[in-house]
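# Notes for the structure review
Next come the chains, spelled out residue by residue.
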Amino acid sequence: MVSFSDNTSLSCPNNPSQAPKFANTFTTRIFSDVAGDITITVDGESFLLHKFPLVSRSGKIRKMVADGKDYNVSKLELVNFPGGQHTFELAMKFCYGMNFEITAANAALLRCAAEYLEMSEDYREENLIGRTEVYLNDVVVQSLEKCVEVLCTCENLPPIVEELGIINTCVEAIAMNACKEQLVSGLSALDCNGESTELKTGCMEWWIEDLSVLRIDYYHKVITSMARIGVRPDTIVESLMHYAQISLKSIGKCQIWNPARPNSNSGTTESEQKTIVEALVNLLPTLKSSNVPLSFLFGMLRMAIMVEATVACRLELERRIAFRLEMVSLDDLLIPSLRARDSLFDIDTVHRIVVNFLQQIEDEENEDSGGYESDGLASLGHGSLLKVGRLIDSYLAEIAPDPYLSLQKFIAMIETLPDYARVIDDGLYRAIDIYLKAHPMLSDHECKKLCKFIDCQKLSQEATNHAAQNERLPVQMAIKVLYFEQLRLKNALCGSSGDGFLSQKISSGVPSAAMSPRDNYASLRRENRELKLEISRMRVRLSELEKEQVVMKRGMMEKSGNGKTFFTSLSKGIGRIGIFSGPGGGKRRKPRGSEGKSGRSRRYSVS
């Protein structure tokens, strides 16, 4: 269309004191010898026009004039006109045959206005409905930018824009154009070497940036269409991350994705932010189709908590995080708690993530129940569990100093992981010791209840030495540590590094003949897991024994020939270990010291 450069307005002036009452410069120029005979009011503004050019193209105005009580009706009012006064003025220019340009900024407005005015081919060939349809189908759909611009103009239009199919047309066109760009980038990567990556990145960035201006419901439609026609999941994730960064950067006081980026208020309300978060989580590709960055998942989880998103939204994020929990860092798990008078960190969320992780492992094992899994797969699953065990132990040590952390929550977090998730309990012992130090008001019963989770047989030499002199531990715990340390040294000297215990494990794992084949297989799987755990423990103990053997050889070389054997000297040396003495000894150490004089049988008894 030829661009219309005349800025003459059909509406009356904003200042009512100006004359004449109706600005009829436009109408008198077309019909210089005919005065305006109809006044149409749109959104409070009046337009002085002529009936003949309007009724010849608009079925609605023709019916309104014909249905009037008086044939010479001169005043009409159009209620809820799509696009308002400016769009009505453009439609009137079309009726008068004046040239103006149909653009992406006014195409949807004119199409809705033409539908409202019933400007179809039934009244005149090449009417406004047909002209706008041609522009939308032949020009707009060919350009992703124009489609985005049209969708932005549709945000303020009534539901009729949805009924006309304008939104669906633009959505499908955007998805198709993005798919074409993806194909072009792939072909360019085959032809170019050094420039292929830059070209691919450039092609992706420009339309991802364009989509960030869309309203969330339109954006949801676009991404859904892209996923349906085959746009790469990693590209969709990149677009989701960019959209979240643009639309949600006003949530909270800190920038979750990019702290260096300036924080500007996006102007969205809490309700809109909640809708955006839930929609973006719903748009995430499936777990197996794309590797969503963990930083983005944790960022969305924090935002979902802030805006109080639905339970389903938060559980979906927790499920995705649990799927790759072994790759999570400690800082990711330190989610602040927003509840008043509660612990500093959101422990309930982390607890659910760990439970979800264990449930996934159990589900995978059940899927493989039809046959024996290979050692490689079993090692991989057990390795992930051990990584998560170390991660949770570090998390427990991090949250332990919190004075508001209740003992029930701390114990519940410890009980989440099974015993076989820890080869060594050093991390758990450290976390419990920190909690005892930060909560000195715990009763003896509570201390015993907490310390029972420490397996003294799974403590390293360094942790054992520390526990034996740790006055924060209950007396029974310290005695138990000493007993197992004495037993370990005895087995090491006798050349028995746990073979008896291992044989006992093997003999206890023989399935009963009365068990079903499925129960037999489940029992064998559990026994296999326990044996692998025991082997891991034995390897750790073996490395410690090798170090101790070197020390023992040096001691033997330094012994004088006073007639005492090495083992006799070692036995007496163990009896003289001053673990209860020292400058830091408290009231608890005195009865332990006096008890040591009564003989070996009482010294290592466990009460």
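Residues numbered from 1 in each chain as written. Predicted model: local features only at pLDDT ≥ 70, side-chain atom pairs only at ≥ 80, totals over all residues. Heavy atoms only, no water.

### With respect to the packing of aromatic side chains
- All chains considered together, the criterion is met by five aromatic pairs.
- Aromatic side chains F81 and F88 sit 5.3 Å apart centroid to centroid with 90° between the ring planes, which places their arrangement in the edge-to-face category. The residues F81 and F88 share a single accessibility class, namely buried.
- A ring pair is formed by F81 and Y116, whose centres lie 5.2 Å apart and whose planes are at 75°; its orientation type is edge-to-face. (Phe/Tyr/Trp six-rings, centres within 6.5 Å; stacked < 30°, edge-to-face > 60°. Buried < 20%, exposed > 50% of the residue type's maximum accessible area, 1.4 Å probe, protein only.)

### A short note on the sheet that holds strand β3 (residues 75-78)
- Taken together, the three strands give an open sheet; going across it, the order is β2-β1-β3, and neighbouring strands pair in mixed fashion. Each edge of the sheet is formed by a strand with only one pairing partner; in this case those strands are β2 (45-49) and β3. Strand-to-strand, the axes of this sheet are offset by a mean angle of 25°, without reference to chain direction.
- Where strand β1 (residues 38-42) and β2 come together, five bridges link them in antiparallel fashion. Counterpart to I38 in the pairing with β2 is L49.
- Where helix α4 (residues 84-95) meets the sheet, its contacts fall on β1, β2 and β3, and the angle it forms with β2 comes to roughly 10°. (Pairing = 2+ DSSP bridges. Helix = DSSP H or I, 4+ residues; strand = E, 2+ residues; numbered from the N terminus. Axes fitted to C-alpha atoms, helices over the stretch in contact; angles between N-to-C directions. Contact = heavy atoms within 4.5 Å.)

### As for the nonpolar core
- Among the nonpolar cores identified, the biggest contains 142 residues, and I40, Y219, M226, L280 and F410 are the most heavily contacted of them.
- Look past the residues within four positions of L280 in its chain and what remains in contact with it is I216, Y219, L240, Y243, A244, L248 and M300. (Core = buried A, V, L, I, M, F, W, Y, C linked by side-chain atoms within 4.5 Å.)

### Remarks on helix α20 (residues 426-438)
- For α20, which comprises 13 residues, the first-to-last C-alpha distance of 18 Å matches the rise-based estimate of 18 Å (1.5 Å per residue) to within 8%.
- Turning to α20, its buried residues are L428, Y429, A431, I432, D433, Y435 and L436. (Expected span 1.5 Å × (residues − 1).)

### Let's talk about the confidence of the model for the protein
- The predicted model of the protein has a mean per-residue pLDDT of 76, with 69% of residues at 70 or higher.
- Note that residues 253-266 has pLDDT below 50 and, in this model, 27 contacts with residues that lie over four places away or in other chains.
- Within the model, pLDDT remains below 50 along residues 371-380, and this stretch shows ten contacts once partners closer than five positions in the same chain are excluded. (pLDDT = per-residue confidence, 0-100.)

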